[in-house]
Protein chains: 4
Amino acid sequence: MRGVVPPVLTPLTEAGEVDLETLRAHAERLIKAGVDALFVLGSSSEAVFLTRENRRAIITATVEQAAGRVPVIAGVIDATAPRVIEHVADAVECGANGLVATAPYYVRISGTEIANHFRLIHAAAPELPLFAYNIPVSVHTVLDIADVITLAREGVLAGVKDSGGSDSYTRNLCDARDKAGLSDFVVLTGSETTVDMDYLAGVDGVVPGLGNVDPVGYVELARTLAAGDFAEGKKQQARLTELMTITAVGDAPRMGGSAAGVGSFKVALKHLGHFPSLKMFDPHEPFTDEEIEKINAIVDAAQIREP
Amino acid sequence: MRGVVPPVLTPLTEAGEVDLETLRAHAERLIKAGVDALFVLGSSSEAVFLTRENRRAIITATVEQAAGRVPVIAGVIDATAPRVIEHVADAVECGANGLVATAPYYVRISGTEIANHFRLIHAAAPELPLFAYNIPVSVHTVLDIADVITLAREGVLAGVKDSGGSDSYTRNLCDARDKAGLSDFVVLTGSETTVDMDYLAGVDGVVPGLGNVDPVGYVELARTLAAGDFAEGKKQQARLTELMTITAVGDAPRMGGSAAGVGSFKVALKHLGHFPSLKMFDPHEPFTDEEIEKINAIVDAAQIREP
Amino acid sequence: MRGVVPPVLTPLTEAGEVDLETLRAHAERLIKAGVDALFVLGSSSEAVFLTRENRRAIITATVEQAAGRVPVIAGVIDATAPRVIEHVADAVECGANGLVATAPYYVRISGTEIANHFRLIHAAAPELPLFAYNIPVSVHTVLDIADVITLAREGVLAGVKDSGGSDSYTRNLCDARDKAGLSDFVVLTGSETTVDMDYLAGVDGVVPGLGNVDPVGYVELARTLAAGDFAEGKKQQARLTELMTITAVGDAPRMGGSAAGVGSFKVALKHLGHFPSLKMFDPHEPFTDEEIEKINAIVDAAQIREP
Amino acid sequence: MRGVVPPVLTPLTEAGEVDLETLRAHAERLIKAGVDALFVLGSSSEAVFLTRENRRAIITATVEQAAGRVPVIAGVIDATAPRVIEHVADAVECGANGLVATAPYYVRISGTEIANHFRLIHAAAPELPLFAYNIPVSVHTVLDIADVITLAREGVLAGVKDSGGSDSYTRNLCDARDKAGLSDFVVLTGSETTVDMDYLAGVDGVVPGLGNVDPVGYVELARTLAAGDFAEGKKQQARLTELMTITAVGDAPRMGGSAAGVGSFKVALKHLGHFPSLKMFDPHEPFTDEEIEKINAIVDAAQIREP
């Protein structure tokens, strides 16, 4: 669970159904590009729009496609522990190799309660590594670093996926891990545009939504950075950061952040010939034709190499 | 759907299972007190901790108990439309007489997308009145008043339950309803301590969590206010506001807002002899013995009358 | 310090200078309308745009014009105690009858430090009543009610002007005042559109920016409410709430809230013939001609009576 | 204006007066350590607690002490343009070599108005380079990157001091500067613990509050990073990040962030023998003896080298 772990998009048919065939082909492309693991059912997978049946089908298809070549990590994202634990049971049954859970959301919950939330989830599948997902933009709390370290020491957490957006938070989390001597504890960044900076902070890998579009680019970047070549890494990052501007094309305030962001990845994958449809779940607003052309032009300019 | 519509708590056994027998007795007490409807599966019901099976059982038991004497409104609270619509199907099947849904949460969504979210939900059960739940503390967006009025005109929304906490929002919402000539459109406040003020603002009723503890008090208050006697209403409100201080006893930051708030209602109901247990779903922090004594003393001082 | 205390706008010449002559005439109009006090140098006065010289001139002119007929309360708004205390010295020298201060802003400050901030300010002019201004939209903290009561008991605070926008906060503050037996402690609301609701909550008066435009209307409303006639108060409020829609005409996001709000009051006062200019301090964005016409039409429809 | 530009603390006497003698000695120590410029009257200088007389004295003393060896940049921080412009006049008169201003605060202001705010300030002293200070924790808005670039092109802004805390913001700002070909436009980070990361993002220097305590350490770090040696830079950063934990010793919520942060720098400087007093302006809460001992121990462990 180090290196590049793309949060695998969920392709939909034009009718809005999960398109498992395209999902398998997409997973294959990512594996061929050299990614280190696949993370299904994250925010970029539109996970909170999926029914339990959808979720099970997605894990099963991805595990089959991976066929042991890379681990498949499954998001078990839901508002509270009892419902997360239902997803955990599903994920175990469907063969997932690891789990990712957020802090509770919707509810008004304390730090102590958040820590116990992760303990409950881990107890439901102690055999699988559990990663905490720090994503304040969605859950509206920030994981407390001291609590994370405590949970790591207890064996509850195997790592953190950090989408907090704060450079000093990422730095402090990595430092706390190092101070605690938790060399196996994995910190992954969720930020597509600061992978070089975050490796310097001390992360072990990256979970890039944009890695769905340019997996070769991110694999190369992660290897460059893991080898300590930050000057070269910064150059590679610059190309990917430019590609990331596709997420800023969508018309705010008509489109929300999810529609503009994840939506632009689907547009790019359709343009590249990998996705037959750019459909997202309702009620995400669609792009206009003009916006699609802008995204396509940025994608063309990025000269993405296929695996 | 006017007057007092308590958000019915979900009693649990000591083992943490939903206690349907106590739920039925509790619903009976509320009905006898004269409430105008029962709202199950709201935030106060710990709804986002419940599995689909739990939710179905709770609606079924409440509808059976109500036996047509009062309508039963069911929360269909979930992060996104596809999953809300699963709950809608369950609610319809189990006999609910109305639905309550929030804006999407966890996702980053625009105002246009929020309006379409409600359209999708209504289309799934056009025969049932749909109420929008304005609860920014949980979903981190505020319902746009102009959009609410548009949805009311379209027949998508039958009303709003407003837990926004802003006096000028409540006032503006009621004024917008009146200006639009939507006399059937229902505005309910979720605030226990400002019912008199909110009736003056123009609301049609109240959804008081504290009404689980003192339903007679809230029924009396709503009738007094509906009759236009604000001076007397203010007095009755003062006693209930004092009782509401039970929600401030819980030790922050150890306990979150849900544990301290809903938890205190359960403590009160155990003290009054109505609930056998004060258990909430894990990982809510429990009260200390000392805190329980404080809550009990406040309850005793309030001289709650039974129906 | 009960009843209607309008936050007196600061008229500017077309050249952007403080227009003291118009200020005097404006104060005279307010006094003739029957307001209970004048509050100069508040947020609506564009106080944080004013130099010390400006502030001194405004207090002096208003005190002279009031000539003892009504008290003149002066805002001493600044980021920290040492600078607030400079304004306090100026206000004392210029003859102000009371002071209004906010919590510190810009700095990251604790509740304990906020309470001490007010103690320092009061110590600088113990002979003048000091009002705390709860305005989280500007200072980004909320005054703690328990601390307010402590400061009231110590004689540090004579009252609160509450522009917090939360109905339960206003209610809880009034209840806390009553419980503490602080019958002389004054709570004023800063909300133009919920005066009836806030009187029911227990406030002693209102500080309405819109009272600059329609002082007769607010004086009548406050008297009606003080007499306990909430049904009639609600009707009068409805007319003023409709007039308040002038603050929503300004084009967001081009104009900020101050330009759209205070700016619309200046437009109205020019239209009514009281202000020669609708100028605000730079860099507030001006209205377009079309927006000005919209505001004028709303003003005309409100049938404002002159004193 | 590249490299290390410490925000110079304002030493106070035990009586709470600005201690100009210590300020001069402190400036001398920083210059000897090799800093590239001195930034007086920033947030770390408790600038918003200072009277105009204080501010003038501080600039004058620092300019005299610097004696042309390094430029002296003066904060002109205030809520609105008219008052900022008063500080600009003072700064020009006292010999400052550059200016730092924030967006307006306290007021509700739009992006367009923020941009015009900077235009007004620059017009007041077009001969001095003006730096915009991105500090959302204090002003509660974030500088728009597109607007910053526009202002840079117009010659209004010479650079940005970024204390936004967001890694992707810093990255995007540097990228936007590079794309616009604005090679003279300076981006400085205000973050003490991510200097290595921020140099990789593309910043030109750092404004470290902790640089008051360990100026030699930051000068060395900046030179290492400017030379492109990120591996060595990360090591040096780690020592400084450890030293930065002195800012986390203060007891929250009793102490606010300013008292715990800037206060800890003063404790360290007293311990190191450079400041006779650890006094901050009232009403900042003081440290306990135990906290002071903890801070001293961290300082001792850091093995700070004097210039």
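Not measured: the values here are computed from a predicted model.

*Asks:* How should I be thinking about the UniProt feature "active site" (unreviewed entry) in chain A in this particular structure?
*Replies:* Residues annotated by UniProt as "active site" (unreviewed entry) correspond here to A:Tyr133 and A:Lys161. The largest pairwise C-alpha distance within this set of annotated residues, which runs over 29 residues, is 4.8 Å, so the set is compact in three dimensions. With residues up to four places along the chain from it excluded, the contact list for A:Tyr133 reads A:Ser43, A:Ile77, A:Val100, A:Ala101, A:Thr102, A:Ala103, A:Leu143, A:Lys161, A:Ser163 and B:Tyr106. Note on placement: A:Lys161 falls in strand β6 (residues 159–162).

*Asks:* How do you make sense of the environment of B:Cys94 when you look at a structure like this?
*Replies:* Residue and element names in this part refer to chain B. As for its placement among the helices and strands, cysteine 94 is situated in the loop between α3 (81–93) and β4 (98–102). Look at cysteine 94 and you get buried, because its relative accessible area is 11%. As for cysteine 94 and leucine 243, which are separated by 149 residues in sequence, their C-alpha atoms are 34 Å apart. With sequence-adjacent residues up to four places away left out, cysteine 94 is seen in contact with Arg56, Ile59, Thr60 and Val63.

*Asks:* What should I look at first to understand the packing of helix α4 (residues 111–124) of chain A against helix α6 (residues 145–153) of chain A in this one?
*Replies:* When two helices pack together, their arrangement is given by the angle between the helix axes and by the axis-to-axis distance. All names here are of chain A. Between α4 and α6, the shortest axis-to-axis distance is 11 Å and the interhelical angle comes to 30 degrees. By the angle class used here, α4 and α6 are roughly parallel. At the point where α4 passes α6, the crossing takes the right-handed sense. Contact residues: Gly111, Ala115, Phe118 and Arg119 in α4; Asp147, Thr150 and Leu151 in α6.

*Asks:* Would you mind showing me how to read the relation of the copies chain D and chain C here?
*Replies:* Superposition of the two copies of the chain requires a rotation about an axis together with a shift along that axis. Here chain D sits on chain C after a turn of 180 degrees about the axis and a move of 0.0 Å along it, with an RMSD of 0.0 Å. When the rotation and shift are considered jointly, the pair of chain copies conforms to a two-fold rotation axis. A share of 100% of the interface residues of chain D reappears at the interface of chain C, consistent with the copies meeting face to face through the same patch.

*Asks:* Got a minute to help me understand the interface of chain B and chain A in this structure?
*Replies:* Often, the extent of an interface is quoted as the loss of accessible area upon association of its parts. The interface of chain B with chain A comprises 45 residues on the first partner and 45 residues on the second. Between chain B and chain A the total buried area reaches about 3,600 Å² when both faces are included, carbon and sulfur atoms providing 58% of it. Counting every contact that joins chain B to chain A gives 2 salt bridges. Between A:Asp78 and B:Arg83 there is a salt bridge, with the nearest N and O atoms lying 2.6 Å from each other. Remark: the boundary between chain B and chain A carries 20 residue pairs in polar contact (both at pLDDT 80 or more).

*Asks:* Even after reading the chapter, I still don't get the sheet that holds strand β3 (residues 72–75) of chain B, so can you show me in this structure?
*Replies:* Hydrogen bonds along the backbone pair up the strands of a sheet, which may run parallel or antiparallel. Residue and element names in this part refer to chain B. In spatial order, the strands read β1-β8-β7-β6-β5-β4-β3-β2; together these 8 strands make up an open sheet with parallel pairing. Edge positions in the sheet fall to β1 (3–4) and β2 (38–40), since each has one partner strand and no second. Relative to the sheet, helix α2 (residues 52–66) contacts β2 and β3, its axis offset from that of β3 by approximately 170 degrees.

*Asks:* Would you mind going over the nonpolar core with me for this structure?
*Replies:* Grouped burial of nonpolar side chains is what soluble globular proteins tend to show. Formed by 444 residues in total, the largest nonpolar core has its most connected members in A:Phe118, B:Phe118, C:Phe118 and D:Phe118. When sequence neighbours within four positions are dropped, the list of residues in contact with C:Phe118 reads C:Ala101, C:Thr102, C:Ala103, C:Leu130, C:Ala132, C:Leu143, C:Leu151, C:Val156 and C:Leu157.

*Asks:* Please explain the packing of aromatic side chains as it appears in this structure.
*Replies:* Working definition: an aromatic ring pair is given by the centre-to-centre distance plus the angle between the planes. Residues and elements named next belong to chain A. A complete count under the given rule lists 16 aromatic pairs over all chains for this structure. Residues phenylalanine 49 and phenylalanine 281 carry aromatic rings whose centres are separated by 5.9 Å and whose planes lie at 0 degrees to one another, so their mutual orientation is stacked. With phenylalanine 49 in the loop between β2 (38–40) and α2 (52–66) and phenylalanine 281 in the loop between α11 (257–271) and α12 (289–301), this residue pair connects regions lying 232 residues apart in the sequence. Like phenylalanine 281, phenylalanine 49 is buried.

*Asks:* I'm lost on α6(A) in this one. Help?
*Replies:* Because each turn of an α-helix spans 3.6 residues, side chains separated by three or four positions in sequence point in the same direction. Residues and elements named next belong to chain A. Those residues of α6 that sit buried are Ile145, Val148, Ile149, Leu151 and Ala152. Along the long axis of α6, the arc covered by the buried residues comes to 160 degrees, so they all point the same way. Taken together, the buried residues of α6 touch α4, β6 and α7 (167–179). For α6, the N-terminal capping position is held by aspartate 144, with its side-chain oxygen 3.2 Å away from the main-chain nitrogen of alanine 146. In the segment just after α6, glycine 155 is the residue with positive phi, at about 85 degrees.

*Asks:* Which parts of the structure should I look at to understand the confidence of the model for chain A?
*Replies:* When pLDDT drops low, the exact placement of atoms in the prediction is not to be read closely. Here chain A averages 97 in pLDDT, and 100% of its residues register 70 or above. Here the complex is predicted with pTM 0.97, and the ipTM for its interfaces comes to 0.97.

*Asks:* Please clarify how the pattern of salt bridges should be interpreted in this entry.
*Replies:* For side chains of opposite charge, pairing can occur when their charged atoms come near one another. Under the definition given, this model contains 88 salt bridges over all chains. Here B:Asp90 ties to B:Arg52 by a salt bridge, and the two come within 3.0 Å at their closest N and O atoms. Here the residue B:Asp90 occupies a position in helix α3, and B:Arg52 occupies one in helix α2, the gap between them amounting to 38 residues. Take B:Asp90: its relative accessible area is 6%, and that puts it in the buried class. Using a relative accessible area of 30% as the deciding quantity, one classes B:Arg52 as partly exposed. Across the pair C:Arg305 and C:Glu220 runs a salt bridge, and its minimum N-O distance is 3.0 Å. Here the residue C:Arg305 occupies a position in the segment after α12 (289–302), and C:Glu220 occupies one in helix α9 (residues 215–226), the gap between them amounting to 85 residues.

Conventions used here
What you see as residue numbers is a count from 1 along each chain, following the sequence as written. Chain A is the first chain written and ligand 1 is the first ligand written, with later ones labelled in order. Owing to the predicted nature of the model, reporting of local features is limited to residues with pLDDT of at least 70; listing and counting of side-chain atom pairs is limited to 80 or more, with chain, interface and lining totals taken over all residues. Only hydrogens and water are removed before side-chain values are computed, so all heavy atoms of the structure are retained for them. UniProt positions are given in the numbering used here, feature names are shortened, and annotations may be inferred rather than shown by experiment. We call two residues in contact whenever any of their non-hydrogen atoms come within 4.5 Å of each other. Helix numbering and strand numbering both begin at the N terminus, where a helix is a DSSP run of H or I of at least 4 residues and a strand a DSSP run of E of at least 2. Residue burial is assigned from relative accessible area. The probe radius is 1.4 Å, only protein chains are included, and a residue is buried under 20% of its type maximum, exposed over 50%, and partly exposed in between. Axes here refer to lines fitted to C-alpha atoms; in helices the fit is confined to the stretch in contact. Angles between the N-to-C directions go from 0 to 180 degrees. Note on angle classes: values under 35 degrees are labelled roughly parallel, values over 145 roughly antiparallel, values of 65 to 115 roughly perpendicular, and the remainder oblique. Two helices that cross are described as forming a left-handed crossing if the nearer one is turned anticlockwise from the farther one by less than a right angle, and a right-handed crossing if clockwise. Superposition of the copies used a least-squares fit over C-alpha atoms from residues whose pLDDT is at least 70 in both. The quantity reported as buried area is the accessible area (1.4 Å probe) lost by two parts once they are put together, taken as the sum for both. Counted as salt bridges are all cases of a side-chain nitrogen of Lys or Arg within 4 Å of a carboxyl oxygen of Asp or Glu. Within 3.5 Å is the distance limit for a polar contact, defined as a pair of N or O atoms, with the added protein rule that one can donate a hydrogen and the other accept it, and that residues adjacent in sequence qualify only through two side-chain atoms. For two strands to be treated as a pair, DSSP must find at least two bridges joining them. Definition of nonpolar core: a set of buried residues of the types Ala, Val, Leu, Ile, Met, Phe, Trp, Tyr and Cys, connected through side-chain atoms within 4.5 Å. Aromatic pairs are defined between Phe, Tyr and Trp rings, using the six-membered ring for Trp, whenever the two ring centres lie within 6.5 Å; interplanar angles under 30 degrees are classed as stacked, those over 60 as edge-to-face, and all others as tilted. By definition, the arc is the one covered by directions from the helix axis to the C-beta atoms. A residue's pLDDT is the predictor's confidence in that residue, given on a scale from 0 to 100.

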